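If you want the building blocks of each chain, they are given just below.
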Amino acid sequence: MLRIRILLVLGLLVLAGLPASQPAPPVPAPPVPERWAEEAVEWFQAWDEAARLGIPNLLRFVAPDVVHDDQSVVHVAAVGRAEYGSHLQREHRRAIDQAPTADVYLDVTGALVERREPTYPSGDMRAVELDDHGMVTRENETDNAELGVVFDDPDAIAVQALADTYLRAWSSSDPDAIRALYSPDADLVDSLQRLEVTSADAIVDYARDPTSTGMSLDWREGGPVGEAMHQAVFFRWLHDPWGRPAGSEAFVLYTGDDGSGCPGDAAVALQVSDGLIVRERRYHEIDSVRRCWNTDQLPDGWWTGLEPPAAHEDVVTGTVGVAGQRIEIHNGTATLERLVQWAMGRFETARLPAPPVASVAFDQDTTAPQCAVDRTGLTIDLGESSQVFVCLGEDDACAGEACTAFVANARLLVLHELAHAWMYRQVDEATQQAFMDHMGLEAWSSAEVGWYDRGVEQAAQVLAWGLMDEPIPTTRLGDLPCEQLVEAFRLLTGDHPLLDACA
C-alpha cells in the first residue's frame, strides 16, 4: 500500500510540473517495411488498367520492336507495335479487361504472368521479357495443359507427365531421377538467388545440397503433397526459323519451399528438346519472396525505380459520317474533323474503295508510342476496319488564323495513315512484291530494315502523294524520278495519280 501511495504522489508531481496546454510527446511510428518489387506490382496493375482503356494505352508498355510470339499451334509472330496492337485486337474482340493479371512470378529480366478469365480460374499465362526501361521486348503465349488434358490432347498429356516427373524428381532429391531430366549441357538459372548452373552434372551436385536445392515439395497448404503437386501447367511449341518443330517449353507453377524454410509459390520455365530439358529458368512469386526471403540481399531488376507510363487521355470528341461510314474522332476538334472528311474524300475522287476506319485519334504527346522516335502516326488493323492515330494538333494543321485551309504536311500525314488502312484490304502479296521490285526494296514490313526502307511505308507515302490536291515534293522517298512514282501508284491502285504530279 505504501508503494502505491508513493507512485501516486510522484505521478501527481509530474503532472503538476507540465503546462496544461502541452500535449504528451508523440509516440514514434514503427518503421514501414520495404515493399520489395512494389514497382513491379504497380507496373502490372497499370498494365491491366491500360488494357481496359484500349490498345493505344497498352502500346505504351511495349518497345518499338516488341515481338509477340504465339507458337502454340501455328507459328504467329507479331513484330513491332503496329502488328502487336493488331494481334491483341483480334485476340480480344470481347474486351481485353476480361483477363486481369492474377499472379506474377519475377526474375531480373522478365516475368511469368498468370492471367485468369471469368469462364475458368486459370485462363492462360504470358512469359514476358522486359528491358531496363520497363518496356516489353518479347511476350510469349502459352496453352493451358490442364484444359488440354480434359480433351485428351496428347501434347497436353505429355506436358503434364513431364511436370509430374520433374517435381517428383526434385522433391525426392534423387540424383539419378534429376539427372535423367536434363541434357548433358543443360543449364539452370535462378536470377533472384544469383544462381547459374551449367551441365547436368553440376545441376545434380546443386540438388545434393539440401540448403540450396531451391525446391522442397513436402509441404502444401492442406497437407502433404499428393498426386497433383503443381498448381498449373502451361506450354508452347518452339519452331526453328524455317517453321519446323524444335521442341517445346513448359511452364510449371507450384507451391513449396524454395530453400528459405518458408513455403511459397514459385514457377519454372523448362525448354525441352528430344524429351530432355536443355534450359531451366526459375521465377518467384512476389508476395512469397516478401514473406520468406531477406529482401535486402536480393538483386535489382527491371522494376527497380520504375514508374509505369501514365494513362493516355483518349477522349471521343465527335463522329464523322463519310463514305458510308461513321468514324469516331478522338481528341479532335471541328477543324480536325473536316481534315478527316477531306482525306476520305480524296479516295472517292480517285475512284478507290474507301478505307474502312473505325476511329481517328489525334495526339501531340511526343511520349506516346505512336508519336515517339520521329513517328508521325500509327494504323492498327482490327480485322474489319482500322484504328488510325495521327500525331497532329489543330495548330499544326491549319494555314492562317481562320484555318481556311490545311497545310500540305497535315493533309499528307492523314492521307498516309489512311493509306495504310486502305492497303490492309486492297493490296495483296503479289502487288506488294511487284511494288518492291519496282522500287528496289528488300522487305514489305520487317524489323530488319530501316523504317523508311520498308515497302509498306513507301507504298503509303506513294498513295498519299498521288492523292494530294497539289503537287508536292516526294518526301521520305528520296530522289526518285517522278515517272517511277507514277508507275508505283499505278501498281498499287490500277490508275494514275489524281494530278499531273510530274508537270
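Residues numbered from 1 in each chain as written. Predicted model: local features only at pLDDT ≥ 70, side-chain atom pairs only at ≥ 80, totals over all residues. Heavy atoms only, no water.

Structural notes on the packing of helix H13 (residues 429–439) against helix H15 (residues 482–493)
In the contact formed by H13 and H15, the axes pass within 9 Å of each other and the chain directions differ by 175°. When the axis of H13 is compared with that of H15, the two are roughly antiparallel. Taken together, the residues of H15 that come into contact with H13 (itself represented by Thr431, Ala434, Phe435, His438 and Met439) are Gln484, Leu485, Glu487, Ala488, Leu491 and Leu492. Of the residues assigned to the contact of H13 with H15, the class counts are seven nonpolar, three polar and one charged. (Axes fitted to C-alpha atoms, helices over the stretch in contact; angles between N-to-C directions. Helix = DSSP H or I, 4+ residues; strand = E, 2+ residues; numbered from the N terminus. Parallel < 35°, antiparallel > 145°, perpendicular 65-115°, else oblique. Contact = heavy atoms within 4.5 Å. Nonpolar A, V, L, I, M, F, W, Y, C, P; charged D, E, K, R; others polar.)

So, the sheet that holds strand E14 (residues 316–322)
Strand order in the open sheet formed by five strands is E14-E15-E16-E18-E17, and the pairing between neighbours is mixed. On the outer flanks of this sheet lie E14 and strand E17 (377–381), each paired with one strand and no other. Within this sheet the neighbouring strands show an average axis-to-axis angle of 15°, counted without direction. Pairing of E17 with strand E18 (residues 386–390) involves five bridges; the strand directions are antiparallel. Across the sheet, the residue bridging to isoleucine 380 is glutamine 387, located in E18. Along the sheet, helix H10 (residues 334–349) contacts E14, strand E15 (325–330) and strand E16 (357–362); its crossing angle with E14, the most-contacted strand, is approximately 30°. (Pairing = 2+ DSSP bridges.)

Considering the pattern of salt bridges
Summed over all chains, the structure comprises 18 salt bridges. In this structure, aspartate 201 and arginine 179 form a salt bridge, with 2.3 Å as the shortest nitrogen-oxygen distance. Pair noted here: aspartate 201 is in helix H8 (residues 200–208) and arginine 179 is in helix H7 (residues 175–179), with a separation of 22 residues, a long-range link. For aspartate 201, a relative accessible area of 47% puts it in the partly exposed group. Taking relative accessible area as the criterion, arginine 179 reaches 33% and is therefore assigned partly exposed. Several salt bridges converge on common partners, so that one network encompasses Arg35, Glu38, Asp287 and Arg290. (Salt bridge = Lys/Arg side-chain N within 4 Å of Asp/Glu carboxyl O. Buried < 20%, exposed > 50% of the residue type's maximum accessible area, 1.4 Å probe, protein only.)

Some points on the state of the cysteines
Tallying each qualifying case throughout the model produces one disulfide. Between the sulfur of cysteine 398 and that of cysteine 403 lies a disulfide, 1.9 Å long from S to S. Of note, the bridge from cysteine 398 to cysteine 403 carries an S-S torsion of about -75° and is left-handed in sense. Side by side, cysteine 398 and cysteine 403 carry an identical accessibility label, which is buried. (Disulfide = S-S within 2.5 Å.)

Some points on the nonpolar core
Leu339, Val360, Met423, Phe435 and Val462 are the most contacted members of the largest nonpolar core, which has 55 residues in total. For this core, the element with the most residues is helix H12 (residues 408–426), which contributes ten residues. Apart from the residues lying within four places of it in its own chain, the contact partners of leucine 339 are Leu392, Ala397, Phe406, Ala410, Arg411 and Val414. The next biggest cluster of nonpolar side chains, apart from the first, holds 39 residues, and it includes Ala37, Leu59, Val62 and Leu378. (Core = buried A, V, L, I, M, F, W, Y, C linked by side-chain atoms within 4.5 Å.)

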